[in-house]
Amino acid sequence: MSDGPTPEQQAEYLVRKMEQVIRDNRTVKGMSFRTWQAIAKEEIANAIRDAEKRHVDRDRTISRIALLGSGAMVSIGFWGAVVAVDRSYGGTAALVALAAGAMLLFFAGEWGLKRASAEWSKHKRAERLANIEALDLRIKRMEAALRKKEERLKEKMEEVGLL
């Protein structure tokens, strides 16, 4: 089940976030290594916590479905045996079996929807990351073009004698 970012996507996100932090907090001397190290540790710890939380949530869902499934099967089996022994409880057995089967179907459906939602989220996350990368590339190209334009303008101003 792919309910979270892949390790590559998480690493790319962390690198971009650290790059942004460095750009936002840089001074003439740059960012101190201790500050960068503290921020990096916090980001990595957050990523590990998120992965562990997703793992616990997935385990909880699987355990709940297994418990409900076994409970439904036991109920169906018990009432099936009661009906086999004495036909007078047939209506009750049918209702209990129907309820147990409906609960099992409901939770299995919920699990399927969660998986489909996680897959959709994965594709949207990959699409957003691709958009971010494209935007980042365009910004870097624009910065380079602006630096070149600035240099040309400075040269022209020197030629004219304004500088």
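Just above, that's the structure.
Here goes a summary of the coordinates provided. Note that this is a predicted model, so its numbers are computed, not measured.

Our next topic: the overall build of the protein chain. Across its full length, the protein chain carries three helices and zero strands. In sequence order, the protein chain lays out its α and β elements as α-α-α. Radius of gyration (C-alpha) of the protein chain: 30 Å, far over the 15 Å computed for a compact globule of 163 residues. Taken along the three principal axes of its C-alpha coordinates, the protein chain extends 110 × 30 × 20 Å.

What follows is about the environment of A40. In this structure, A40 sits in helix α2 (residues 33–85). By relative accessible area, which is 10% here, A40 ends up buried. Sequence separation of A40 and A84 is 44 residues, and the distance between their C-alpha atoms is 66 Å.

Looking now at the layout of surface pockets. The calculated volume of the largest pocket comes to roughly 580 Å³. Counting residues per element, the ones that place at least two in the lining of the largest pocket are α1 (7–25), α2 and α3 (90–160). Here the lining of the largest pocket is built from residues that sort into eight nonpolar, four polar and twelve charged.

In this model, α3 (71 residues) spans 103 Å end to end at C-alpha, consistent with the 105 Å of a helix rising 1.5 Å per residue. Every buried residue belonging to α3 is among A93, A100, A118, L129 and D136, and all of these are buried. Directly beyond the C-terminal end of α3, a positive phi value near 95° is found at G161.

Attention shifts here to a nonpolar patch on the surface. Taken together, the side chains of I22, F33 and W36 present a nonpolar region at the surface, about 290 Å² in accessible area. Here F33 lies in helix α2.

As a further point, take the pattern of salt bridges. For the structure on display, the rule yields six salt bridges. As a salt-bridge pair, E127 and K124 come within 3.5 Å of each other at their nearest N and O atoms. Of this pair, E127 and K124 both sit in helix α3, three residues apart, roughly one helical turn. Residue classification places K124 among the partly exposed residues on the basis of a relative accessible area of 27%. E150 is paired through a salt bridge with K154; the nearest N and O atoms lie 3.8 Å apart. Taken as a pair, E150 and K154 lie in helix α3 at a separation of four residues, close to a single helical turn.

This part covers a positive patch on the surface. Taken together, K148, K149, R152 and K156 make up a surface patch of like positive charges. Along the polypeptide, R152 turns up in helix α3.

Moving on, we come to a negative patch on the surface. Taken together, the side chains of E151, E155, E158 and E159 define an acidic patch exposed on the protein surface. With respect to the helices and strands, E155 occurs in helix α3.

The rules behind each value
- Residues numbered from 1 in each chain as written.
- Predicted model: local features only at pLDDT ≥ 70, side-chain atom pairs only at ≥ 80, totals over all residues.
- Heavy atoms only, no water.
- Helix = DSSP H or I, 4+ residues; strand = E, 2+ residues; numbered from the N terminus.
- Rg over C-alpha atoms; globule rule 2.2 N^0.38 Å.
- Buried < 20%, exposed > 50% of the residue type's maximum accessible area, 1.4 Å probe, protein only.
- 1 Å grid on protein atoms, 1.4 Å probe; cavity = no way out; pocket = protein on both sides within 12 Å on 5 of 7 lines; lining within 4 Å.
- Points joined across faces, edges and corners; volume = space filled by probe spheres on them.
- Nonpolar A, V, L, I, M, F, W, Y, C, P; charged D, E, K, R; others polar.
- Expected span 1.5 Å × (residues − 1).
- Patch = residues over 30% accessible without salt bridge, like charges linked within 9 Å, V, L, I, M, F, W, Y side chains within 5 Å.
- Areas by Shrake-Rupley, 256 points an atom, 1.4 Å probe, with all protein chains shown as cover.
- Salt bridge = Lys/Arg side-chain N within 4 Å of Asp/Glu carboxyl O.
- Lys, Arg positive; Asp, Glu negative; His and termini not counted.
- Charge placed at Lys NZ, Arg CZ, Asp CG, Glu CD.

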